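# A structural walkthrough
So you can see what is in the structure, the chains are spelled out below.
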Amino acid sequence: MKSIIDKLHNDHINFIKLLEFLENQQQLLKYCQQTDLESILDAIRYMKEYPDLVHHPLENVVFKYFLENHNEVHSELKTLLHEHDELPELIELSNLRGDLQMHSTWSDGKNSIEEMLEGCAARGYEYFALTDHSKALAMTGGLDAAKLRQQWKEIEEVQSRHPEIRLLRSQEVDILADGSLDLEDEMLEQLDLVVVSVHSRFDLPAAEQTRRIVRALQHPEVDILAHPTGRIINRRPPYEFDLDDVLHCAREHNVAVELNAHPERLDLKDAHLILARELGLKIVISTDAHRVQHLDLMSYGVDQARRAWLTKIDVLNTLPLDAFLKAVRS
Ligand SMILES: [Zn+2]
C-alpha cells in the first residue's frame, strides 16, 4: 500500500527537513487534494496500524485536512479511532487565551521580555507566563533568587507599558534529583504560577524517578508539571517512571499537566492525554517558546490535543484570566 502518509513519511524522515517542508502547508494541502478518497482512507488505516506515526508532526497537518474536508473520513475516523456516536467539539487554536511556558533572554531565549509580550499580544492572548529556567540549568543562564528579583523589576516596567495583556510572573523550576525544587519557598510563594520539570538525571531507576517527581508535585506551591515524560522526538526516549502514579499524584495535589506543543516534544502524547482527562486532571497547552516565532507552535499542541479528543473545557488556558488563576490556585 502506497498511502499519502507512507510516501510523505519516507520523503521527510529527517525532522529538520520536515519542519522546512511544513513551512509550506499550502503545498502539502494541494498534495492531499490531488489524492483520491480511497487513498486517504488507506492512509488512515495505515496510521492506525503504526501508532508511532500518529506522533509525527506532519501527520497533524494531514489529519486536520481529513477532518475538515471529508465527511466520509469523519465517519471512518469515528469507527477506527473512537467509538463515539457523535464527534465532540474539539478544541481549536482560537480557544486559547494564554501561553504558559516561554523563555526570554534572561535565560536561554532569544527575545526580550517586552518582545515576547508583544508577540503574545499580537496573537490575541489575554495573558501569558514568563518561565525562564532556574539556576540548576546553568548552561541556560538559569536564574537564582537574586536574578529573579531583578527580573521582576523589568517585568513590572514592561507590564506598566503594556496594560493590554497580563504578564504572569513564573519560572520553569527544575525538579532536583531528590525531588526538591530549585527555588526557595519564599520566592515560589511570590510567583503567579509555578511550573516544574525534569531536566537532569534522566537515568534514575524508575522507582526513584517516580518518587522524585511525586515529591515535587506534593509541594504546595506547584501549579504545572511541564513536559511530563521528557521525551525529545527522534533524540531521547521518555525517562523511565510510573506515569500513572505521577498523574494520580497530580490530581490529588491539584497540579495541572502540560501538553508541550513544541514539535520536538509533543509531551504529553495523545494516549497519555486521554488518560489524564479520564482521571479528571487539568491540562494546559504551552509552546515552550525560546523566540517570538515559536509562539506559533501552539497549533501543533492544539492538533495533538484534538487527537486526544480534548475539548475546550479540558484545557485550563482556554479560561479567561480570573477564572484561570482561580482554577490553578484552587
Ligand atoms: Zn523545560
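Residues numbered from 1 in each chain as written. Predicted model: local features only at pLDDT ≥ 70, side-chain atom pairs only at ≥ 80, totals over all residues.

## Here's the deal with the overall build of the chain
Summing up its helical and strand segments, the chain has 14 helices and seven strands in all. The burial tally for the chain puts 42% of its 330 residues in the buried class. Taking as baseline every contact in the chain between residues at least 6 positions apart, the subset at least 24 positions apart corresponds to 77%. (Helix = DSSP H or I, 4+ residues; strand = E, 2+ residues; numbered from the N terminus. Buried ≥ 20, exposed ≤ 12 C-beta atoms within 10 Å, placed from the backbone. Contact = placed C-beta atoms within 7 Å.)

## Considering the sheet that holds strand β1 (residues 98–99)
In a beta sheet, neighbouring strands pair by backbone hydrogen bonds and run either parallel or antiparallel. In space, the seven strands of this open sheet follow the order β1-β2-β3-β4-β5-β6-β7, with parallel pairing throughout. Of all the strands in the sheet, the pair left with one neighbour each is β1 and β7 (283–286). Two strands pair when backbone bridges link them, and strand β2 (residues 127–130) and strand β3 (residues 166–174) are joined in this way by four bridges, in the parallel orientation. Paired with Phe 128 across the two strands is Leu 167, which belongs to β3. Relative to β7, helix α13 (residues 298–307) is tilted by about 145°, and along the sheet it contacts β1, β6 (256–260) and β7. (Pairing = 2+ DSSP bridges. Axes fitted to C-alpha atoms, helices over the stretch in contact; angles between N-to-C directions.)

## Side note on the packing of helix α10 (residues 206–217) against helix α11 (residues 243–252)
The contact between α10 and α11 brings their axes to 9 Å, and the two run at 10°. One way to sum up the angle between α10 and α11 is to call them roughly parallel. Mapping the contact onto sequence places Thr 210, Ile 213, Val 214 and Leu 217 in α10 and Asp 245, Val 246, Cys 249 and Ala 250 in α11. (Parallel < 35°, antiparallel > 145°, perpendicular 65-115°, else oblique.)

## Considering the packing of helix α7 (residues 113–122) against helix α8 (residues 145–161)
Their axes nearest at 10 Å, the elements α7 and α8 cross at an angle of 45°. Regarding the angle of α7 to α8, the classification is oblique. Like other packed secondary-structure pairs, α7 and α8 cross with a definite hand, here right-handed. Contacts between α7 and α8 involve Ile 113, Glu 114 and Leu 117 from the first element and Glu 154, Ile 155 and Val 158 from the second. (Left-handed = near helix turned anticlockwise from the far one by under 90°.)

## What about the pairing of β3?
For a regular strand, the rule is simple: side chains alternate between the two faces of the sheet. Extensive coverage of β3 is indicated by the burial of eight of its nine residues. Since β2 and β3 lie parallel, the crossover through α8 that links them has a hand, and here it is right-handed. Inspection of the sheet shows β3 paired to strand β4 (residues 193–197) by five bridges, in the parallel sense. Following the sheet pairing, Glu 172 is matched in β4 by Val 195. (Right-handed = clockwise from strand over helix to strand, strands pointing away.)

## Concerning helix α12 (residues 270–278)
Those residues of α12 lying buried are Asp 270, Leu 273, Ala 276 and Arg 277. For α12, the buried positions fall inside an angular range of 115° around the axis, keeping them on one side. (Arc of directions from axis to C-beta.)

## Focus on the pairing of β4
Burial within β4 is extensive, with five of its five residues counted as buried. One ladder, built from two bridges, connects β4 with strand β5 (residues 224–225); its direction is parallel. Bridging across to β5, Val 195 finds its partner in Ile 224.

## Comments concerning the confidence of the model for the chain
Should pLDDT be low for a region, the predicted coordinates there are not to be read in detail. Per-residue pLDDT for the chain averages 82, and the proportion of residues at 70 or more is 73%. Within the model, the stretch residues 1–5 combines pLDDT values under 50 with 20 contacts to residues more than four positions away or in other chains. Residue range residues 7–32 is modelled with pLDDT below 50. Its contacts to residues more than four positions away, or to other chains, number 21 contacts. (pLDDT = per-residue confidence, 0-100.)

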